Amino acid sequence: MLRFTRGKGLFGAVDVSGAITSVSGAFSGALRGRKNVSAKRAASTIADGASMVATAAHIMTDTIVSATPTAARNVTTDTATAIVALAVGYAVGDTTEFTVINLNATNALTIVGGTGVTIVGSAVVALSTSATFYIRIASATAVVLYRKD
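Residues numbered from 1 in each chain as written. Predicted model: local features only at pLDDT ≥ 70, side-chain atom pairs only at ≥ 80, totals over all residues. Heavy atoms only, no water.

Any chance you could explain the overall build of the protein here in plain terms?
Across its full length, the protein carries two helices and twelve strands. Reading the helices (α) and strands (β) of the protein from amino to carboxyl end gives β-β-β-β-α-β-β-α-β-β-β-β-β-β. On the protein, roughly 9,400 Å² of surface is accessible, and the fraction owed to carbon and sulfur atoms is 55%. (Helix = DSSP H or I, 4+ residues; strand = E, 2+ residues; numbered from the N terminus. Areas by Shrake-Rupley, 256 points an atom, 1.4 Å probe, with all protein chains shown as cover.)

Below, the structure is given as structure tokens:
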């Protein structure tokens, strides 16, 4: 289905039924999914300890990470180079997101950027809450985490 409207409506909607196995050509503008669109997300746990690390795999593959700190802890991200290495076929400006869940009711987590990782917004994941970060690839050696909520 290709549908054109005027004003603030949808311009050039495409309805796809069945699986998409490949896409070629150029696309410009925002792509929005409706109804039952989802992304596969794995969950993992970062073990409590003095040196807690959110690895590139946690950030780019698992995307849902939980921790139960026994004291206020820092969680240091992997390096930007390691994160970008898992972003197969990336282009500068590409984004994805990951969520950190603090399962402890008395201790906060603070996300700390590894080499080449910059954090914009609050890096603190308060007790018994979660925080979602957009990961934006700035270059082959630089990544920016933007606090989403």
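Here the narrative resumes, following the displayed structure.
I tried to follow the sheet that holds strand E3 (residues 42-45) on my own but got confused; where do I start?
Strand pairing in a sheet relies on backbone hydrogen bonds, with the paired strands running either antiparallel or parallel. Read across the open sheet, the six strands follow the order E3-E5-E7-E11-E12-E9; overall the sheet is mixed. What marks the edges here is a single partner per strand, and that holds for E3 and strand E9 (117-120). Direction aside, neighbouring strands of the sheet carry axes that sit 25 degrees apart on average. By the bridge criterion, six bridges tie strand E11 (residues 130-139) to strand E12 (residues 142-147) in an arrangement that is antiparallel. When the sheet's bridge partners are listed, Ile137 is paired in E12 with Val143. (Pairing = 2+ DSSP bridges. Axes fitted to C-alpha atoms, helices over the stretch in contact; angles between N-to-C directions.)

I would appreciate a short explanation of the pairing of strand E6 (residues 73-77) in the present structure.
Each regular strand shows side chains that alternate between the opposite faces of the sheet. Along E6, the buried face is formed by Arg73, Val75 and Thr77; none of Asn74 and Thr76, which line the opposite face, is buried. Across three bridges, strand E4 (residues 52-54) lies against E6 in parallel orientation. Bridging from a neighbouring strand, Met52 pairs with Val75 of E6. Here E6 runs beside strand E8 (residues 109-112); their pairing, made up of four bridges, is parallel. Across the sheet, Arg73 pairs through a bridge with Leu109, a residue of E8. (Buried < 20%, exposed > 50% of the residue type's maximum accessible area, 1.4 Å probe, protein only.)

Explain the packing of aromatic side chains here, please?
Two descriptors summarise a pair of aromatic rings, namely the distance from one centre to the other and the angle between the planes of the rings. Enumeration according to the criterion identifies one aromatic pair in this entry. Where Phe98 meets Phe133, the ring centres are 5.7 Å apart and the plane angle is 25 degrees; that geometry is what we call stacked. Of this pair, Phe98 sits in strand E7 (residues 95-102) while Phe133 is found in strand E11, placing the two residues 35 residues apart along the sequence. Here Phe98 matches Phe133 in class, with each residue buried. (Phe/Tyr/Trp six-rings, centres within 6.5 Å; stacked < 30°, edge-to-face > 60°.)

Would you explain the pairing of strand E5 (residues 63-67) in this entry?
The element E5 is extensively covered by neighbouring structure, given that four of its five residues are classed as buried. In terms of strand pairing, E3 meets E5 through four bridges, oriented parallel. In the sheet register, Ala42 faces E5, and the bridge partner there is Thr63. Pairing analysis gives four bridges linking E5 to E7, with the strands arranged parallel. Counterpart to Ala67 in the pairing with E7 is Asn102.

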